[in-house]
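Structural features, examined
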Amino acid sequence: STCVGAGSDMVKQVTFAAVLVDEAAQTTELETLVPLCRGCQQLVLVGDHAQLPPTVLCRQAELEGLGCTLFARLAAPTDSCTGTGAGAEAL
């Protein structure tokens, strides 16, 4: 399933104990959270945060930080979305 597809009514009875997100550096943080809310106990993010960012069509959404990825937030020594914090240690 895709991250957003994991929230579909077609799989509403399914839980995802383990979630693997490929190309996680191109998936917005909010998209990644969808399968995590379905019983996730283990998460694997695969990708390269230095490559293509996620596509966010709304400029205002981008300015509000909705173009951030969970992958970048965890990979960066500081919060790459806001420029503050301590990355993964902040979680």
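Check the entry above for the structure.
Residues numbered from 1 in each chain as written. Predicted model: local features only at pLDDT ≥ 70, side-chain atom pairs only at ≥ 80, totals over all residues. Heavy atoms only, no water.

**So, the pairing of strand E1 (residues 18-21)**
Here is the key point about a regular strand: its side chains alternate between the two faces of the sheet. Only one face of E1 is buried: it carries Val-19 and Val-21, and the other face, with Ala-18 and Leu-20, is open. Sheet topology note: the E1/strand E2 (residues 42-45) ladder contains four bridges and is parallel. Its bridge partner being in E2, Ala-18 is matched across the sheet by Gln-42. Handedness of the crossover joining E1 and E2 through helix H1 (residues 29-36) is recorded here as right-handed. (Buried < 20%, exposed > 50% of the residue type's maximum accessible area, 1.4 Å probe, protein only. Helix = DSSP H or I, 4+ residues; strand = E, 2+ residues; numbered from the N terminus. Pairing = 2+ DSSP bridges. Right-handed = clockwise from strand over helix to strand, strands pointing away.)

**A few points about H1**
By the burial criterion, the buried members of H1 are Glu-29, Thr-32 and Pro-35. Buried residues along H1 cover an arc of 120° about the axis, so they all sit on one side. In this fold, the buried residues of H1 make contact with E1, E2 and helix H3 (70-75). (Arc of directions from axis to C-beta. Contact = heavy atoms within 4.5 Å.)

**Considering the state of the cysteines**
Across all of its chains, the model carries zero disulfides by this definition. The thiol of Cys-40 is unpaired, and the distance to the nearest cysteine sulfur, on Cys-37, comes to 9.5 Å. (Disulfide = S-S within 2.5 Å.)

**Remarks on the nonpolar core**
In terms of nonpolar packing, the biggest core is built from eight residues, these being Cys-3, Ala-6, Phe-16, Val-19, Val-21, Ala-24, Ala-25 and Phe-71. Sequence-distant contacts of Val-21, that is, excluding residues within four places in its chain, are made with Cys-3, Thr-27, Thr-32, Leu-43, Val-44, Leu-45 and Val-46. (Core = buried A, V, L, I, M, F, W, Y, C linked by side-chain atoms within 4.5 Å.)

**Quick notes on unusual backbone geometry**
Not every positive phi belongs to a glycine, and Glu-23 is a case in point at roughly 55°. Considering the arrangement of structural elements, one finds Glu-23 in the loop between E1 and H1.

**A word on the pattern of salt bridges**
Pairing between side chains of opposite charge can happen when the charged atoms of each approach one another. All told, the structure shown has one salt bridge when counted by the stated rule. Here Arg-73 makes a salt bridge to Glu-29, at a shortest N to O gap of 2.8 Å. Here the residue Arg-73 occupies a position in helix H3, and Glu-29 occupies one in helix H1, the gap between them amounting to 44 residues. Comparing Arg-73 with Glu-29 shows no difference in burial state: the two are buried. (Salt bridge = Lys/Arg side-chain N within 4 Å of Asp/Glu carboxyl O.)

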